[in-house]
Every structure is written in structure tokens, then in C-alpha cells.
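Working through the structure, step by step
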Amino acid sequence: MARSLRNKLCSLCDQSSFILYRVKYSENGNWVFVCPQCWEKVSQNNPFYVYGGTWKAKKK
Ligand SMILES: [Zn+2]
């Protein structure tokens, strides 16, 4: 049975990615998942950036 949760989408660019970073990037923001490209953008020079883990798609 296929599970639709296997591919998460980046919260910023809506692209699916096999690896996403769980981050907060605004002062009162919620946890979101971002792809590596967007992660570079939101993590640089951002005092509100918090890293919360890495999500990887596992194929089995
Ligand atoms: Zn993205």
C-alpha cells in the first residue's frame, strides 16, 4: 500500500525532496520542512533560524 507521506514538500518552494531540514526561520514561526536550497537561504544571516533535525525519505 502506497503511503503519500513518503515524499514531503518543501514549505518554501513546494518542491519534493528526498532530504528536508526541519527548521524555524522566523521569530514566532512554526516548524517547517525546507529543501537544501531553501535551507541555505533561510539559515544564512538569520538570528531566528533554529535547526530541528533532518528528514530523509527511506525507500524500503
Ligand atoms: Zn525549497
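Refer to the structure printed above.
To start, this report covers the structure provided alongside it. A quick note: this is a predicted structure, and the numbers were derived from the prediction, not measured.

**Some points on the nonpolar core**
If you look at the biggest cluster of nonpolar residues, it comprises 9 residues: L20, Y21, V23, F33, V34, C35, C38, W39 and V42. Within the residue set of this core, elements represented by two or more residues are strand 1 (19–24), strand 2 (32–34) and helix 1 (36–43). With sequence-adjacent residues up to four places away left out, V34 is seen in contact with C10, S11, L12, L20, Y21, V23, W39 and V42.

**Here we look at the environment of W31**
The topology assignment puts W31 in the loop between strand 1 and strand 2. Remark: the alpha-carbon pair of W31 and V50, spanning 19 residues in sequence, is separated by 9.0 Å. For W31, the contacting residues outside a window of four places in its chain are R22, K24 and G52.

**A word on helix 1**
Within helix 1, burial applies to C38, W39 and V42. Considered in projection along helix 1, the buried side chains sweep an arc of 105° and stay on one side of the axis. Facing away from the buried surface of helix 1 by more than 90 degrees, the exposed residues are Q37 and E40. Taken together, the buried residues of helix 1 touch strand 1 and strand 2. At the C-terminal side of helix 1, N45 shows a positive phi close to 50°.

Cut-offs used in this document
Residues numbered from 1 in each chain as written. Predicted model: local features only at pLDDT ≥ 70, side-chain atom pairs only at ≥ 80, totals over all residues. Core = buried A, V, L, I, M, F, W, Y, C linked by C-beta atoms within 7 Å. Buried ≥ 20, exposed ≤ 12 C-beta atoms within 10 Å, placed from the backbone. Helix = DSSP H or I, 4+ residues; strand = E, 2+ residues; numbered from the N terminus. Contact = placed C-beta atoms within 7 Å. Arc of directions from axis to C-beta.

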